[in-house]
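Chain by chain, the residues:
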Amino acid sequence: MIFPEGRRGLFIFLGLLAVVFALAVVAYLAAGDMGIEERFSRALGGGEGEGPGEENGGGLALEGNLLSYVAVLGVLAAGCYILYRRFRV
Amino acid sequence: MAHVHLQDGSFSLFWVVVWWAAALVLIGVSLLILRSRKTDQKKITVAAFCTAAAFAVFQVSIPIFGGVHLTLTPLIGILTGPLTGSLVVLIVNILSAAIGHGGYGLIGANTLINIVEVSVGYAVFRLSKPLMPGLFPRAGIATVLGLLCGNVAMILIILVSGIQGVSQDMSAVLGGLSLIAAINMGVAVVEAFITGLIIAYIGKVRPDMLGSGGP
């Protein structure tokens, strides 16, 4: 029996799920059908194309730059290796 | 499934450093506490499996509510605890950023959000045991509340940081983010069922894996 003997918890759980799911459906109908990236972009006032941060050159600009990704990943890997050797858990 | 789905450059360098530093402080504290304890090989194995599973589900878009993904962070919290769980979510976020799922600069913020989910999931699962002995509803409720807190943390982090190049005022951004959080919680329903079933099954075949939170 995967559902245990106590029913109170199950009722609370299902009630919570019903409320949460109803709110999610209302929010989805209000926001419209779109993917998560586009939803973020819309929520923050961006257009359908570029997301926030891309038109402003003030921040980090790694997105889409393969060399930067490889460089950062290499630094992270080296850092993790050093930390692992130094602070082995 | 709270996760800041924005590109690098969305947060200013100052806030990238702030969230990274905050995440590293928490990770550092976790490491120090873990080092002071006896190494639990079983927990490390479970954590490794959790890392692989969480990384995989992070990349799978579920075609509901426009396409979303699970995180399994409350499950990680229940199975490994908040200390080991914080290391798991850091690794998952680094690997996800490496394949373009969230920017490198947002790893700190996303790790903090996921640590909130891991910790709340763990705490609710453990603390609600006297009220609800059943594993399925307890794990499910821990998942819903963990993900709810994660979404609140996500909204707070974005509002505090601000987004570069955004012209909307704070109330409009808050409204948009609240919609995202509400839709995310719809997916939390799916994740709650999955987590509940996994924990109920583990409680049946390997109750020792759940520690004091078990049946």
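The rules behind the values
- Residues numbered from 1 in each chain as written.
- Chains lettered and ligands numbered in written order.
- Predicted model: local features only at pLDDT ≥ 70, side-chain atom pairs only at ≥ 80, totals over all residues.
- Heavy atoms only, no water.
- Salt bridge = Lys/Arg side-chain N within 4 Å of Asp/Glu carboxyl O.
- Helix = DSSP H or I, 4+ residues; strand = E, 2+ residues; numbered from the N terminus.
- Buried < 20%, exposed > 50% of the residue type's maximum accessible area, 1.4 Å probe, protein only.
- Core = buried A, V, L, I, M, F, W, Y, C linked by side-chain atoms within 4.5 Å.
- Expected span 1.5 Å × (residues − 1).
- Arc of directions from axis to C-beta.
- Contact = heavy atoms within 4.5 Å.
- Polar contact = N/O pair within 3.5 Å; in protein donor to acceptor, adjacent residues only side chain to side chain.

Engineer: Pulling in residues and values, what's your account of the pattern of salt bridges?
Structural biologist: Residues and elements named next belong to chain B. With the rule as written, the count across this model stands at two salt bridges over all chains. A salt bridge links Lys42 to Asp208, with the nearest nitrogen and oxygen atoms 3.4 Å apart. Of this pair, Lys42 sits in helix α2 (residues 41-59) while Asp208 is found in the segment after α6 (170-205), placing the two residues 166 residues apart along the sequence. Overall, Lys42 belongs to the exposed group, its relative accessible area being 52%. With a shortest N-O distance of 3.1 Å, Arg206 and Asp208 are connected by a salt bridge. Members of the salt-bridge network, linked through shared partners, are Lys42, Arg206 and Asp208.

Engineer: Lay out the nonpolar core with the relevant residues and their values.
Structural biologist: Among the nonpolar cores identified, the biggest contains 74 residues, and Phe40 of chain A together with Phe11, Met154, Ile158, Leu177 and Ile199 of chain B are the most heavily contacted of them. A total of 13 residues in this core trace back to one element, the largest contributor, which is helix α5 (residues 135-161) of chain B. In this structure, Val68, Leu70, Ile183 and Val187 of chain B belong to the second largest nonpolar core, which totals seven residues.

Engineer: Give a description of α2 of chain B that names residues and reports values.
Structural biologist: Residue and element names in this part refer to chain B. With 19 residues, α2 extends 28 Å between its outermost C-alpha atoms, agreeing within 8% with the 27 Å of an ideal straight helix rising 1.5 Å per residue. Residues Val46, Ala47, Cys50, Thr51, Ala54 and Phe58 constitute the buried set of α2. Each buried residue of α2 sits inside an arc of 150° when the element is viewed along its axis, so together they form one side. Looking at α2, the residues exposed on the side facing more than 90 degrees away from the buried face are Gln41, Lys42 and Phe49. Among the structural elements, α3 (73-98) and α4 (107-127) are those in contact with the buried residues of α2. Capping the start of α2 is the job of one residue whose side-chain oxygen sits 3.1 Å from the backbone nitrogen of Lys42: Asp40.

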